[in-house]
Amino acid sequence: MIQDLMSSLRFFPITMRSFIICFFLIGIVHMHAQTDTKKKEMFVRKLLKKMTLDEKIGQLNLLTPGSEILTGSVVSKDVELKIIQGNVGALFGIHGPEKIRKAQELAVNKSRLGIPLFFGSDVIHGYQTVFPIPLGMASCWDMEWIEKSARMAAQEASANGVNWTFSPMVDICRDPRWGRIAEGSGEDAFYGSRVAKAMVRGYQGDDLSKNNTILSCVKHFALYGASEGGRDYNTTDMSKIRMYQDYLPPYKAAIDAGVSSVMTSFNDVDGIPATGNRWLLTDVLRNQWGFKGFVVSDYTALNEMSEHGMGDLKNVSALALNAGLDMDMVGEGFLIHLKNLLAEKKITKQQIEQACKRILEAKYSLGLFEDPFRYIDEARAAKELMTTENRKFARELAARSCVLLKNENNFLPLNRKDKIALIGPLANNKNNMLGTWAVSGDPQQSITVLEGLKQYCSARMISYAKGANISDDTTFAKNVNFNGVRIDIDSKSPEQLLEEALVLAAGADKIVAIIGEASEMSGESASRTNLEIPESQKKLIRALKKIGKPLILVLMNGRPLVLKEENELADALVVSWHAGTEAGNAIADVLFGQYNPSGKLTISFPRNVGQIPVYYNYKNTGRPAAKIEFEKFKSHYLDESNLPLFSFGFGLSYTKFDYGELKLSQKVITQSKNIKVSCKISNVGNFDGEEIIQLYLRDPVASISRPVKELKGFQKIHLKKGESRDVTFTLTTEDLKFFNTQLEYLAEYGEFIVFVGPNSESCREAKFIFGPND
Ligand code: NOJ
């Protein structure tokens, strides 16, 4: 066919020829996709015809035998029998090819129709090779690296039998009290949308039926990150404009990237729990956004609607199916009640059939009907997990995720000649390297900072002491240690621990203290009202400061912390988050300048819990605070500035970057004419380094009050010492759009301000006009 086309094209000019060929090839790809969809639909239609009502309902259940970490109190019973009876569509919480093979064999060989199961897992930031927590990873602002992390996680997870991940978590959060802030990418919808896309692409690749790509599940739909007071599972309430503008975009971005499944959230949205919210699951998700995949509830979220006040299990099961839920995680409300609800005409046969169809189509896309054991290969599991290559990637990504917040007198990078006292409860603590939601990672395989630093300095040049417990509070420790010991209160007294550290510190040239949160101080059901590092560690830092040696603090944390005091005491401050398997190596690379830090925050660090919510894209108010100091009758606090301690986009390097004046290609943007915004960036410091250049917009006069700044673009560049480069962004009218009071997404004519800079606070700016086409 191609030859025929080529010969009939020989009379056309070359440009025309290439155009026709491209068009032709796109047509073929499109045709293939259509045929595939048709084949899938035909297959599923035929299968549905063979299925009994019970078997259709059976597919709508995700169960867990409970052999792994649970995130709720309910565990599924008689799972094997239920599989054989065709009452199960998917399993999660079982790991490893052997167990997974056994379960798949039951489904395929023992159930009447032999429909294969999905095997889900929380593959959140890596699988066995654990990468930094998502909030940490987000600090690298590099979508290629983020996508690759998901690709690698899918490769490992699929090698171990998993074909469905409950990730990405894209809940926007402006409240660091919420422990699950660790799992998302921060406070900004534009940035969060980019990450959402990258993650979905990474997990699902370009062909779901390959044995190393897996289904992705975007969660938690919706608004989970806005729970009141930062308390997990709490109520959310916000205007539709805020939802559409600031909270929904990342979910939509995942849908646009082709995510196969969506998980509902635990909270209510406008009074109705998300799992039974028809507006959310049908009007928005399906009708407005065109989502074609399936929707799964969160862990017993269906049952929990009863506690929300929506009636008994039967009632809420009807509510959920009517709303558009396809699969019930663990709760078994669907399994127990759908048949009766149908008899009572509270739901329809078509609804059950529709949900079942969506699930079967996803199984088809994974290639499970062709080969149910496609993802179960013991040989792969032995070869592809925790490879040297994966660990190397994890190390580099963890270094890229570190954010340098302060570096007085250039105390960093360290010198190999420096005699170092390494102090702190997190300096040599394998149990806290991986961070929250690392269910498949092995803490014992992780590298501590002490181990990492030893690659750079001889034993003679480094000494180590714990110095303090992560916390001395036994009740707090008990709460944190629910799933295993993370806060290990030492048999030595706090005084003795401190004394040992002070002796070492006195004999060193520099003190490096590794402090912060235990890994389970953030994550699910790990909200905090106090965002300071625990008092035991504060005492340690104060005492170390008194020694009078340069004090370098490295934070391990799952959320923004209140670091006002630490920032005053420390000479240098690095946020390393919970950095995963290679934490210690990566931190050592950063401290010794093997990697020049380039990470920037994607979340504001408050000065004080009372400032929360504090975020960069706030609105001006009618009485904006012009100055940092208090002014009566302006929007201020009596006792604290409005600004965070470290703002969105902030992060330093060992080198220094200068930003030139902004240049605009023209002063007017129209539907048909874009504007190019350029800025010269120069590396004027002493190291080669990477810089993340951020572009923000402000629409000062509009039909609704708009934020003082909104991120609309970013670029990461590498500049050698002494090098300069012009960085150019292209703005289109798409970048000017927002949701108005009618929830129409549009741009309004008028003046705009564009900002370009190294963070959201210190930018160069220029103005332009949006007007009609000439
Ligand atoms: C509850 C969590 O909210 C969700 O994120 C997770 O995927 C499920 N449990 C399954 O572990």
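Being a predicted model, the structure only gives us computed values, none of them experimental. (Residues numbered from 1 in each chain as written. Predicted model: local features only at pLDDT ≥ 70, side-chain atom pairs only at ≥ 80, totals over all residues. Heavy atoms only, no water.)

1. Considerations on the overall build of the protein chain
Helices and strands together make up the secondary structure of the protein chain, namely 23 helices and 26 strands. Scaling as 2.2 N^0.38, a compact globule of 774 residues should have a C-alpha radius of gyration of about 28 Å, and the protein chain matches this with 27 Å. With the C-alpha coordinates of the protein chain rotated into their principal frame, the extents come out at 80 × 75 × 60 Å. Restricting the contact set of the protein chain to residue pairs at least 6 apart, pairs at least 24 apart contribute 77%. The average position of the 94 basic charges and that of the 91 acidic charges among the side chains of the protein chain differ by 4 Å. (Helix = DSSP H or I, 4+ residues; strand = E, 2+ residues; numbered from the N terminus. Rg over C-alpha atoms; globule rule 2.2 N^0.38 Å. Contact = heavy atoms within 4.5 Å. Lys, Arg positive; Asp, Glu negative; His and termini not counted. Charge placed at Lys NZ, Arg CZ, Asp CG, Glu CD.)

2. Side note on the sheet that holds strand β22 (residues 724-731)
Here we have three strands laid out as an open sheet, ordered β17-β19-β22, and antiparallel in their pairing. Among the strands making up the open sheet, the edge pair consists of β17 (657-664) and β22. Neighbour-to-neighbour, the strand axes of this sheet turn through a mean angle of 20°, independent of strand direction. Where β17 and strand β19 (residues 675-683) come together, six bridges link them in antiparallel fashion. By the bridge assignment for β19, leucine 662 is matched with cysteine 679. (Pairing = 2+ DSSP bridges. Axes fitted to C-alpha atoms, helices over the stretch in contact; angles between N-to-C directions.)

3. With respect to the environment of glutamate 761
In this structure, glutamate 761 sits in the loop between β25 (750-757) and β26 (764-770). Since its relative accessible area comes to 42%, glutamate 761 is described here as partly exposed. Through-space distance from the C-alpha of glutamate 761 to that of glycine 649 is 8.3 Å; in sequence the pair is 112 residues apart. Look past the residues within four positions of glutamate 761 in its chain and what remains in contact with it is Leu643, Pro644, Ser647 and Lys709. A polar contact of 3.5 Å, which involves the side chain of glutamate 761, links it to the side chain of serine 647. (Buried < 20%, exposed > 50% of the residue type's maximum accessible area, 1.4 Å probe, protein only. Polar contact = N/O pair within 3.5 Å; in protein donor to acceptor, adjacent residues only side chain to side chain.)

4. Here we look at the packing of helix α12 (residues 301-310) against helix α13 (residues 313-323)
For any two helices packed against each other, the geometry is given by the interaxial angle and the distance between the axes. Look at α12 against α13: their axes get within 8 Å of each other, and the N-to-C directions meet at 110°. For the element pair α12 / α13, the angle class is roughly perpendicular. The segment α12 lies against α13, with Leu302, Asn303, Met305, Ser306 and Met310 engaging Leu313, Asn315, Val316, Ser317, Leu319 and Ala320. (Parallel < 35°, antiparallel > 145°, perpendicular 65-115°, else oblique.)

5. With respect to the side chain of arginine 528
You can see arginine 528 is positioned in the loop between β14 (510-516) and α21 (535-547). Of note is the side chain of arginine 528, whose polar atom sits 2.7 Å from the side chain of glutamate 517. Polar side-chain contacts of arginine 528 include one of 2.8 Å to the backbone oxygen of glutamate 532. Setting aside anything within four residues of it in sequence, one finds arginine 528 in contact with Arg177, Phe476, Glu517, Met521, Arg559 and Leu561.

6. Some remarks on the packing of helix α17 (residues 388-401) against helix α23 (residues 583-591)
One can describe the packing of α17 onto α23 by two numbers: an axis separation of 8 Å at closest approach and a directional angle of 50°. It follows from the interaxial angle that α17 and α23 lie oblique. As for the relative orientation of α17 and α23, their crossing is right-handed in sense. Seen from α17, the contacting residues are Arg395, Ala398 and Ala399; seen from α23, they are Asn585, Ala586, Asp589 and Val590. Partitioned by chemical class, the residues of the contact of α17 with α23 number four nonpolar, one polar and two charged. (Left-handed = near helix turned anticlockwise from the far one by under 90°. Nonpolar A, V, L, I, M, F, W, Y, C, P; charged D, E, K, R; others polar.)

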